[in-house]
Amino acid sequence: MDSYLQLLSRNKSWASMRIKEDPEYFSKMGALQRPDFLWIGCSDSRVPAENVTETEPGNIFVHRNIANMVVCTDMNLLSVLDYAVNVLKVKDVIVCGHYGCGGVTAAMDNMSYGFVDSWLRNIKEVYDKYREELETIVDKKNRIDRLVELNVIEQVRNLAKTKIVQKAWMEGGLKIHGWVYGLEDGIIKDLNVMYDEVENIDEIYRYNNL
Ligand code: CO
């Protein structure tokens, strides 16, 4: 059987297993989704949000792109963020990177990988900003992993710089977090960069007329 057809046959056995466990599984799932979280993660196939947090479909609203970036001109990300915050009313937005990220690794070398180069440029900017700290780390793997952490922190800050998040802060109750998942042990590390008010970011990024 072609491997893509296996996806369809596995789907059938998954669906019948769910019904066996709970005959109302899909009728409950068909009702409105009420996720409490927005997850902004890497497209990497090894970091599926629901699996690594042991959550069910319906719990997490998910946006994934290469290297879990928050780019202020990315209409896709902004649409997801606005919908999650203002329509679904999620209370926590999580940027979750992962150690050994291929996107971050690629951004640290001097090779072209095609169209993705422009996307990875945003990570090179993070490297440039933290060059002094990063270049004291001799071991390349450790340097990549530190850049993974710094990149997550910068993406949390990029979230805080959006009008969407600042408006939600005015209304109260939104928290944004930075986490990193470990491919080698499956553990998520909280980077403790939880932001919940506009004071968390530099004044130049604040909107005073929301
Ligand atoms: Co990655």
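Cut-offs used in this document
- Residues numbered from 1 in each chain as written.
- Predicted model: local features only at pLDDT ≥ 70, side-chain atom pairs only at ≥ 80, totals over all residues.
- Heavy atoms only, no water.
- Helix = DSSP H or I, 4+ residues; strand = E, 2+ residues; numbered from the N terminus.
- Contact = heavy atoms within 4.5 Å.
- Areas by Shrake-Rupley, 256 points an atom, 1.4 Å probe, with all protein chains shown as cover.
- Lys, Arg positive; Asp, Glu negative; His and termini not counted.
- Charge placed at Lys NZ, Arg CZ, Asp CG, Glu CD.
- Domains from an automatic or database assignment.
- Pairing = 2+ DSSP bridges.
- Axes fitted to C-alpha atoms, helices over the stretch in contact; angles between N-to-C directions.
- Buried < 20%, exposed > 50% of the residue type's maximum accessible area, 1.4 Å probe, protein only.
- Parallel < 35°, antiparallel > 145°, perpendicular 65-115°, else oblique.
- Nonpolar A, V, L, I, M, F, W, Y, C, P; charged D, E, K, R; others polar.
- Phe/Tyr/Trp six-rings, centres within 6.5 Å; stacked < 30°, edge-to-face > 60°.
- Lys NZ or Arg CZ within 6 Å of the ring centre and 35° of its normal.

(A) Layout of the overall build of the protein. Looking only at helices and strands, the protein has nine helices and five strands in total. Counted from the first residue to the last, the protein has its helices and strands arranged as α-α-β-α-β-α-β-α-α-α-α-α-β-β. With the principal axes as the frame, the protein shows a C-alpha extent of 55 × 45 × 30 Å. Across the protein, the fraction of contacts at a sequence separation of at least 24, relative to all contacts at a separation of at least 6, is 63%. Per element, the accessible surface of the protein, about 12,500 Å² overall, is 53% carbon and sulfur. With 25 positive and 32 negative side-chain charges, the protein shows a separation of 3 Å between the mean positions of the two kinds.

(B) Molecular detail of the domain arrangement of the protein. When the domains of the protein are assigned, the result is domain 1 (1–31) and domain 2 (33–205). Once you take the C-alpha centre of each, domain 1 and domain 2 turn out to be 31 Å apart.

(C) Structural context of the sheet that holds strand S2 (residues 60–65). Reading across the sheet, the five strands line up as S2-S1-S3-S4-S5 and stay open at both edges, with mixed pairing between neighbours. One side of each edge strand has no neighbouring strand; the edge strands of this open sheet are S2 and strand S5 (188–190). Sheet twist, expressed as the average angle between the axes of neighbouring strands with direction ignored, equals 25 degrees. Those strands touched by helix H4 (residues 75–87) are strand S1 (37–42), S2 and strand S3 (92–98), and its axis lies near 170 degrees from that of S2. Sheet strands touched by helix H8 (residues 140–160): S1, S3, strand S4 (175–181) and S5. Its angle to S4, the strand with the most contacts, is close to 160 degrees.

(D) The pairing of S4, seen in detail. Of all the seven residues making up S4, five are buried; the element is thus mostly covered by neighbouring parts of the structure. Where S3 meets S4, seven bridges bridge the pair, whose relative direction is parallel. Paired with Val93 across the strands is Ile176, a residue of S4. For S4 and S5, the ladder comprises three bridges, and the chain directions are antiparallel.

(E) Geometry of the packing of helix H6 (residues 116–129) against H8. As a packed pair, H6 and H8 sit with axes 10 Å apart at the nearest point and diverge in direction by 105 degrees. Judged by the angle between their axes, H6 and H8 are roughly perpendicular. Between H6 and H8, the contacting residues are Ile123, Val126, Tyr127 and Lys129 on the first element and Arg143, Leu147, Leu150, Asn151, Glu154, Gln155 and Arg157 on the second. Among the residues forming the contact of H6 with H8, the class breakdown is five nonpolar, two polar and four charged.

(F) Broad picture of the packing of aromatic side chains. For the structure on display, the rule yields five aromatic pairs. Measuring from ring centre to ring centre gives 5.0 Å for Tyr25 and Phe26, while their planes differ by 80 degrees; the resulting arrangement is edge-to-face. Accessibility expressed as a relative area gives 33% for Phe26, which makes it partly exposed. An angle of 80 degrees between the planes, with centres 6.5 Å apart, marks the rings of Trp39 and Trp179 as edge-to-face. Of this pair, Trp39 sits in strand S1 while Trp179 sits in strand S4, and the two are 140 residues apart along the sequence. Joined through ring pairs, the aromatic side chains of Trp14, Tyr25 and Phe26 make up one cluster. Taking NZ or CZ as reference, Lys161 lies 4.1 Å from the ring centre of Tyr205, over its face.

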